[in-house]
Amino acid sequence: MKALFVFLGLFCSWCSQANIIHNADLSFGTIIVADPSVASSVVVSPGGGTSSSGSIHVIKKGHPAELLLESFPAGVYLNISTDLLNDQLAHSNLITAGKLSVTKLHHPARVFTDRDGRARLLIGGTLQSQASAALYVDGQYATTVSIEVSY
């Protein structure tokens, strides 16, 4: 059994007056893919819940990405859209035959700013392994996500 550390780096785009503070990356935690020939998945919800199916077993629970949106107008809805720039996760140091993909990001379509023009955005996701005979190498895997905030 091999342990995998998986997280997503988030890159944000925003208007020049607003600030987006990146507090945490989306992490799927430490997982083991017990049988790489079985397609499996792990889900981290925006609320922090973690579940897995198939042959992926969660050893250490992950957490959603956390962004603090500030310096927006008070009392407005901010529209949130995301785009997976590359759904395939890359190992931090090696080329691997086993394929891990982020198939979906989980977040609200919009958030409401408070009286100070701030809002908190939590982003979860679904990670999926493809049925393959290839093994997964221990280590950290990452990909990039684009986030757009508009109002």
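Summary of the structure given here. Owing to the predicted nature of the structure, the values given are computational and were not obtained by experimental measurement.

The secondary structure content of the protein amounts to 0 helices and 14 strands. Written out in order from the N terminus, the α and β elements of the protein read β-β-β-β-β-β-β-β-β-β-β-β-β-β. Within the protein, buried positions represent 40% of all 151 residues. Within the protein, counting contacts between residues at least 6 apart in sequence, those at least 24 apart form 74% of the total. Carbon and sulfur atoms make up 52% of the accessible area of the protein, which amounts to about 7,500 Å² in all.

Let's shift gears to the packing of aromatic side chains. Tallied over the entire structure, the rule returns 2 aromatic pairs. Centroid distance phenylalanine 72 to tyrosine 151: 5.8 Å. Interplanar angle 85 degrees. Geometry classified as edge-to-face. Of the two residues, phenylalanine 72 sits in the loop between strand E7 (65–70) and strand E8 (77–84) while tyrosine 151 sits in the segment after strand E14 (144–150), which places them 79 residues apart along the sequence. By relative accessible area, which is 55% here, tyrosine 151 ends up exposed. Its end group placed over the ring of tyrosine 77, arginine 110 keeps NZ or CZ at 3.7 Å from the ring centre.

Attention now moves to unusual backbone geometry. A positive phi angle, near 65 degrees, is found at serine 71, a position not held by glycine. Along the polypeptide, serine 71 turns up in the loop between E7 and E8. The partly exposed category is assigned to serine 71, whose relative accessible area is 41%.

What counts and what doesn't
Residues numbered from 1 in each chain as written. Predicted model: local features only at pLDDT ≥ 70, side-chain atom pairs only at ≥ 80, totals over all residues. Heavy atoms only, no water. Helix = DSSP H or I, 4+ residues; strand = E, 2+ residues; numbered from the N terminus. Buried < 20%, exposed > 50% of the residue type's maximum accessible area, 1.4 Å probe, protein only. Contact = heavy atoms within 4.5 Å. Areas by Shrake-Rupley, 256 points an atom, 1.4 Å probe, with all protein chains shown as cover. Phe/Tyr/Trp six-rings, centres within 6.5 Å; stacked < 30°, edge-to-face > 60°. Lys NZ or Arg CZ within 6 Å of the ring centre and 35° of its normal.

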